[in-house]
Amino acid sequence: MPLAPRHCINIGVVMDPITTIHIEKDTTFAMLLAAQARGWNIHYMEQGDLYLRDGRACARMRALRVEDNARHWFDSGAETSQPLAALDVILMRKDPPFDMEYVYTTYLLERAEAEGVLVVNKPRALRDCNEKLFTTWFPQCTPPTLVTRDAQQLRGFLQEHGDIILKPLGAMGGSSVFRVRRDDPNINVIIETMTGESEARGAKPRRFVMAQRYIPEISEGDKRILLINGEPVPYALARIAAPGETRANLAAGGKGVGVPLSARDRWICQQAGPALREKGLLFAGLDVIGDYLTEINVTSPTCARELDALYGLNIAAQFLDVVEKKVASDK
């Protein structure tokens, strides 16, 4: 199916299989609904559909129509192969893990960007702004934090703070996140497993790990704050852990409760927002526990549908307002 003429915005989306999503809480789906409501033409791609031929980024893509219906939420057209430059904008909404395949994908999208396509979020920024490490650019906002491959340093950090969180740098949804206390009998095996030391006895650890001081206010929720072009949505979704669980992620069984942003939340947004905007991160999610910034989500931030339902918002439409202006200004 040929793409529509340039006066109608052609939007592509790179995402995980649409057959597997839960539309009631999928922010990408909200974006697709908002794009369709504007009469934009949607073109669906998965990561494996992208390819590079003689310096041009191309993809197998399918025209897509969506419906807010949990029994039948999409219809797709016949597959075509076209240069990505035929699109006006591409939403890069592939979930982590942030591995080398993800990095290679950003290089392909960067070739499309060089031909005039608006890619959201910006491919270079996706590479530069690791969702865990990028918080350390704002140390005034974060709890005490250590990033290292050295087991001795991790043990020293635990002895100093007594109660810490250990997390990998490239996962999502609370995957492989551990809470460790000073007297935990499993500390050695946890550190060995996370750094990769246990996989190669006698060899140097192979993976960096982030350690952060445990924040007791997690009992009040891990707040997801969405920022559109550096400006926060005025409400956050506080994700509260299930009983007996440290992780508050919805993917780990947490429940979401809407809360207005506090003065501290807004201050944290003021610290991070300009940097996000400058880097071309038009849609980002800050994770805030108590008074502290713990992660900056830039790959596929979510929680828009929950906040829309709670407060009568249309966050995806606000986001596409920004996208539409940027597409117009780039022409």
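Up top you'll find the structure we're talking about.
The structure reproduced in this document is the subject of the present report. What you see is a predicted model, and the numbers here were worked out from it, not measured in a lab.

### Topic: the state of the cysteines
Counted under the stated rule, the structure contains 0 disulfides. With no disulfide of its own, Cys141 lies 9.3 Å from the sulfur of Cys269, the closest cysteine sulfur. The class of Cys141 is buried, set by a relative accessible area of 0%.

### Section: the packing of aromatic side chains
Two aromatic rings are characterised by how far apart their centres lie and by the angle between their planes. Applying the stated criterion across every chain, the model contains 6 aromatic pairs. The interplanar angle of 50° and the centroid separation of 6.3 Å between the aromatic rings of Trp73 and Phe74 together place this pair among those described as tilted. Taking 3.8 Å as the distance between ring centres and 10° as the angle between the ring planes, the aromatic pair formed by Tyr235 and Tyr311 counts as stacked. Of this pair, Tyr235 sits in strand E14 (residues 235-240) while Tyr311 sits in helix H7 (residues 304-311), and the two are 76 residues apart along the sequence. Residue Tyr235 is classed as partly exposed on the basis of its relative accessible area of 26%. By relative accessible area, which is 27% here, Tyr311 ends up partly exposed. An aromatic cluster is present here, built from Phe134, Trp137 and Phe138 joined pairwise through their rings. Lying over the aromatic face of Phe208, Arg149 brings its terminal NZ or CZ to 5.5 Å of the ring centre. Arg179 extends its terminal NZ or CZ atom over the ring of Tyr214, reaching a point 3.7 Å from the ring centre.

### Comments concerning the pairing of strand E8 (residues 145-148)
A one-sided burial pattern is seen for E8, the buried positions being Leu146 and Thr148 and the unburied ones Thr145 and Val147. Here 4 bridges tie E8 to strand E11 (residues 209-213), and the two strands are oriented antiparallel to one another. Directly across from Leu146, in E11, lies its bridge partner Ala211.

### So, the side chain of Gln36
Here Gln36 shows up in helix H1 (residues 27-37). Not counting residues within four places of it along the chain, the set of residues in contact with Gln36 comprises Ile42, Leu64, Arg65 and Val66.

### Some points on unusual backbone geometry
The peptide bond linking Pro96 to Pro97 adopts the cis configuration, its omega dihedral lying at 25°. By secondary structure assignment, the location of Pro97 is in the loop between strand E6 (89-92) and helix H2 (100-114). The peptide bond linking Val120 to Asn121 adopts the cis configuration, its omega dihedral lying at 0°. Structurally, the position occupied by Asn121 is in the loop between strand E7 (118-120) and helix H3 (123-128).

### Focus: the packing of helix H4 (residues 151-161) against helix H5 (residues 187-195)
Contact pair H4 / H5: the axes reach a minimum separation of 10 Å and the direction vectors enclose 135°. On the basis of the axis angle, H4 is oblique to H5. The handedness of the crossing between H4 and H5 comes out as right-handed. When H4 is examined against H5, the residues Ala151, Leu154, Arg155 and Leu158 are found in contact with a partner set consisting of Ile187, Asn188, Ile191 and Thr195.

### Remarks on the pattern of salt bridges
Oppositely charged side chains can form a pair if their charged atoms are brought close together. Within this structure, the stated rule accounts for 21 salt bridges. Put simply, Arg56 and Glu115 hold a salt bridge, and the shortest N to O gap is 2.7 Å. Here Arg56 is found in strand E4 (residues 56-66), whereas its partner Glu115 is found in the loop between H2 and E7, with 59 residues between them in sequence. With a relative accessible area of 33%, Glu115 lands in the partly exposed category. Across the salt bridge formed by Arg305 and Asp68, the nearest N and O atoms sit 2.8 Å from each other. Linking Arg305 in helix H7 with Asp68 in the loop between E4 and strand E5 (74-83), this pair joins segments that are 237 residues apart in sequence. On the basis of relative accessible area, Arg305 is assigned to the buried category, the value being 16%. For Asp68, a relative accessible area of 48% gives the class partly exposed. Taken together, the shared-partner salt bridges connect Asp49, Arg60, Arg62 and Glu79 into one network.

### Here we look at the nonpolar core
Among the nonpolar cores identified, the biggest contains 40 residues, and Ile18, Leu32, Val89, Ile315, Phe319 and Val323 are the most heavily contacted of them. Residues in contact with Phe319, not counting those within four places in the same chain, are Met31, Leu91, Val120, Ile228, Leu282 and Phe283.

### Concerning the sheet that holds E11
Spatially, E8-E11-E9-E10 is the arrangement adopted by the 4 strands of the open sheet, whose pairing is antiparallel. Two strands close off the open sheet at either side, each with one partner strand: E8 and strand E10 (178-181). Pairwise comparison of adjacent strand axes, ignoring direction, gives a mean angle of 25° for this sheet. With 5 bridges joining them, strand E9 (residues 163-168) and E11 adopt antiparallel strand pairing. Residue Pro168 lies in a different strand from E11, and its bridge partner there is Val209. Where H5 meets the sheet, its contacts fall on E9, E10 and E11, and the angle it forms with E9 comes to roughly 25°.

### Digging into H2
The terminal C-alpha atoms of H2, which comprises 15 residues, lie 21 Å apart, in line with the 21 Å expected from a rise of 1.5 Å per residue. Along H2, the positions that sit buried rather than exposed are Tyr102, Val103, Thr105, Thr106, Leu108, Leu109 and Ala112. Taken together, the buried residues of H2 touch strand E3 (50-53), E4, E6, E7 and H3. Taken from the residues just after H2, Gly116 is the one with a positive phi, measuring 105°.

Conventions and cut-offs
Residues numbered from 1 in each chain as written. Predicted model: local features only at pLDDT ≥ 70, side-chain atom pairs only at ≥ 80, totals over all residues. Heavy atoms only, no water. Disulfide = S-S within 2.5 Å. Buried < 20%, exposed > 50% of the residue type's maximum accessible area, 1.4 Å probe, protein only. Phe/Tyr/Trp six-rings, centres within 6.5 Å; stacked < 30°, edge-to-face > 60°. Helix = DSSP H or I, 4+ residues; strand = E, 2+ residues; numbered from the N terminus. Lys NZ or Arg CZ within 6 Å of the ring centre and 35° of its normal. Pairing = 2+ DSSP bridges. Contact = heavy atoms within 4.5 Å. Axes fitted to C-alpha atoms, helices over the stretch in contact; angles between N-to-C directions. Parallel < 35°, antiparallel > 145°, perpendicular 65-115°, else oblique. Left-handed = near helix turned anticlockwise from the far one by under 90°. Salt bridge = Lys/Arg side-chain N within 4 Å of Asp/Glu carboxyl O. Core = buried A, V, L, I, M, F, W, Y, C linked by side-chain atoms within 4.5 Å. Expected span 1.5 Å × (residues − 1).

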